[in-house]
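Each chain, letter by letter, is given below.
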Amino acid sequence: MAIDLKQMPKLGFGLMRLPEKDGAIDLSRLEEMVDAYIKAGMNYFDTAYVYHGGNSEKAVKEALTKRYPRESFYLATKLPAWNMKTEDDRDRIFNEQLERCGVDYFDFYLLHSVEDGNVETYEGLNCFDWGIQKRAQGKIRHFGFSFHGSPELLEKVLDVHPEVEFVQIQLNYADWENPVVRSGRLYEILHSRNIPMIIMEPVKGGTLAKLPDALEAKYKAARPNDSIASWALRYTASLDGIMTVLSGMSTEEQMQDNIGTFTRFEAMSEAERVLVHEVRDEMLNVPQIGCTSCRYCTDGCPMGISIPDIFRAVNTMKLYKEEFRPKSFYSGLVSAKKSARASACIACGQCESVCPQHLPIISLLKEASELLDISA
Ligand code: SF4
Ligand code: SF4
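Thresholds applied
Within each chain, residue numbers correspond to sequence positions counted from 1 in written order. Chains carry letters from A onward and ligands carry numbers from 1 onward, assigned in written order. At least 70 in pLDDT is required for a residue's local features to be given in this predicted model, at least 80 for side-chain atom pairs to be given and counted, and no such filter applies to totals for whole chains, interfaces and linings, which use all residues. Side-chain numbers come from the whole structure's heavy atoms, not from hydrogens or water. Each helix is a run of DSSP H or I of at least 4 residues and each strand a run of E of at least 2, with the numbering of both proceeding from the N terminus. Multiply 1.5 Å by the residue count of a helix minus one, and that product is the helix's expected span. Only protein chains enter the accessibility calculation, which uses a 1.4 Å probe; a residue whose area is less than 20% of its type maximum is buried, one above 50% is exposed, and one in between is partly exposed. To be near a molecule or strand, a residue needs just one of its heavy atoms within 4 Å of it. Space inside and on the surface of the protein is sampled on a 1 Å grid over the protein atoms alone, with a cavity defined as a set of points where a 1.4 Å probe fits but cannot get out and a pocket as an open set with protein on both sides within 12 Å along at least 5 of 7 lines; lining residues have an atom within 4 Å of a point. More than half of a molecule's atoms lying within 2 Å of a cavity's or pocket's grid points is what places that molecule inside it. Classification used: nonpolar for Ala, Val, Leu, Ile, Met, Phe, Trp, Tyr, Cys and Pro, charged for Asp, Glu, Lys and Arg, polar for all others including Gly. One requirement defines pairing of two strands: DSSP has to find at least two bridges between them. Each axis is a line fitted through C-alpha atoms, and for a helix only the stretch in contact is used; angles between axes span 0 to 180 degrees, taken between their N-to-C directions. Residue contacts are counted whenever heavy atoms from the two residues lie within 4.5 Å of one another. Grid points are joined across faces, edges and corners, and a volume is the space filled by probe spheres set on the points. What qualifies as a polar contact is a pair of N or O atoms within 3.5 Å, subject to a donor-acceptor requirement within protein and to the restriction that residues adjacent in sequence count only when both atoms come from side chains.

**Q** What am I meant to see in helix α3 (residues 88-101) here?
**A** Every α-helix winds through 3.6 residues per turn, so residues three or four apart in the chain are directed the same way. Counted at 1.5 Å a residue, the expected span for α3 with its 14 residues is 20 Å, and the 20 Å between its end C-alpha atoms agrees. Residues Asp89, Arg90, Ile93, Phe94, Gln97, Leu98, Arg100 and Cys101 constitute the buried set of α3. One or two positions beyond α3, positive phi appears at Gly102, with a value near 70°.

In structure tokens:
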């Protein structure tokens, strides 16, 4: 049966950053949060085999599935490529997930983190066909995947697998044009194909919940009673084709704020979108390496350094003040042999002699190496 977006709550409860006590999930607090979320009329829960080292799924059983009728909520979980070596591992993990969660079917089931590296495992172990079989057996109601790759890879996967019913992507107003995430382009691809989207990181891991004072003042002047995080949530939830916006809620305050945003949800007006874009432009107004990606420098580099890609990672780190994604983008380049490490530069000067932007590439690569090279 097709997914009816009108039936789905706009706010989903992400179970990856749960409250903890003495090094374990704090079940009594989680139960209270589950109750508050359900009482507010919402019912989409998103977990995964690997969240909290497997304990998120177990906590779902205690806090949700033992305490509420099965048909009253939607439960989503995910199959991890990195825990599988053979086709038998698909059923082994799936059956373990049913047992851990205390259910006999999942409403939404995802291949976790489709991206370069994982996609080969999912294809090699025929996980797409397997997912469709599970759906035919009634063990999965809807089948899709979460995605962390490039727009080009997304189009390729969707071309080969038109059977996919939904896709989960990272999307927020700050990352719309982030060259490492490119969430605006991912959104356009899915929207043009009418594929419902589940959104993760709408508040960019909390970054968009707290902004510099001058930027917060702009939001407060427009909507004095609304939190800063609510602007990020409303921006994403107001887009066409969004099924659910996931928030990884880890405190009661955060949950109450999110519930408030969605129980009296107002789609974002055009004037508010313009304001968000203004705030974003000011946030991102940081000096960057002025590389235009013309790639004149790369052919002649004796060390095979993909200079513009490395600069892209550095710019993302500076602009978006984050480390994880630029570093994983960089290590992906190096491990796929698309580039040597920045530290491999032998300062021959070939690249600088051809760069139309006259960039001091050798010293910029030294800086990049300090920022990005994890191992010495
Ligand atoms: S200076 Fe470094 S980056 Fe530039 S061409 Fe030579 S080895 Fe490659
Ligand atoms: S030649 Fe200069 S501007 Fe062009 S890709 Fe290389 S570093 Fe960037």
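Alright, that's what it looks like, and here's the rest.
**Q** When you look at the site of ligand 2 in this model, what are you seeing that I'm missing?
**A** Ligand 2 sits among Cys291, Thr292, Ser293, Cys294, Arg295, Cys297, Pro308, Cys355, Pro356, Gln357, Leu359 and Ile361. The pocket occupied by ligand 2, as judged from atoms lying within 2 Å of grid points, is the largest cavity. Partitioned by chemical class, the residues of the shell around ligand 2 number 8 nonpolar, 3 polar and 1 charged.

**Q** Quick question: what am I supposed to make of the sheet that holds strand β7 (residues 140-147) here?
**A** Hydrogen bonds between backbone groups are what pair the strands of a sheet, and the pairing can be parallel or antiparallel. The strand order β1-β4-β5-β6-β7-β8-β9-β10 describes a closed barrel built from 8 strands, whose pairing is parallel. Direction aside, the axes of adjacent strands within the sheet are offset by 30° on average. Of the pairings in the sheet, the one linking strand β1 (residues 11-14) to strand β4 (residues 44-46) comprises 2 bridges and is parallel in character. Its bridge partner lying in β4, Phe13 is registered against Phe45. Packed on one face of the sheet, helix α7 (residues 183-192) meets β7, β8 (166-170), β9 (197-200) and β10 (242-247) and runs near 165° to β8.

**Q** Which parts of the structure should I look at to understand the layout of surface pockets?
**A** One simple way to see leftover space: roll a probe sized like a water molecule over the atoms. Roughly 300 Å³ of volume is contained in the second largest pocket. Taken together, 16 residues make up the lining of the second largest pocket; nearest its centre are Met1, Tyr74, Asp107, Arg141 and His142. Elements that contribute at least two residues to the lining of the second largest pocket include exactly β6 (106-114) and β7. Of the residues that constitute the lining of the second largest pocket, the class distribution is 8 nonpolar, 3 polar and 5 charged.

**Q** Would you explain empty space enclosed by the protein in this entry?
**A** Scanning the entire structure with this criterion turns up 2 cavities of 30 Å³ or more. Its volume calculated, the largest cavity comes out at about 90 Å³. Taken together, 15 residues make up the lining of the largest cavity; nearest its centre are Cys291, Cys294, Arg295, Cys297 and Cys355. Ranked by the residues each element gives to the lining of the largest cavity, the list is headed by helix α12 (residues 307-320), at 3 residues. Its residues assigned to classes, the lining of the largest cavity comprises 11 nonpolar, 3 polar and 1 charged. Reported here for the second largest cavity is a volume of approximately 80 Å³. Surrounding the second largest cavity, Cys301, Pro302, Met303, Ile305, Ile307, Cys345, Ile346, Ala347, Cys348, Gly349, Cys351 and Leu365 form its lining.

**Q** Honestly, the side chain of Asn172 in this entry has me stumped. Any pointers?
**A** Structurally, the position occupied by Asn172 is in the loop between β8 and α7. The buried category is assigned to Asn172, whose relative accessible area is 0%. In this structure the side chain of Asn172 is engaged in a polar contact, spanning 3.1 Å, whose partner is the backbone nitrogen of Ala174. From its side chain, Asn172 meets the backbone nitrogen of Asp175 in a polar contact 2.7 Å long.

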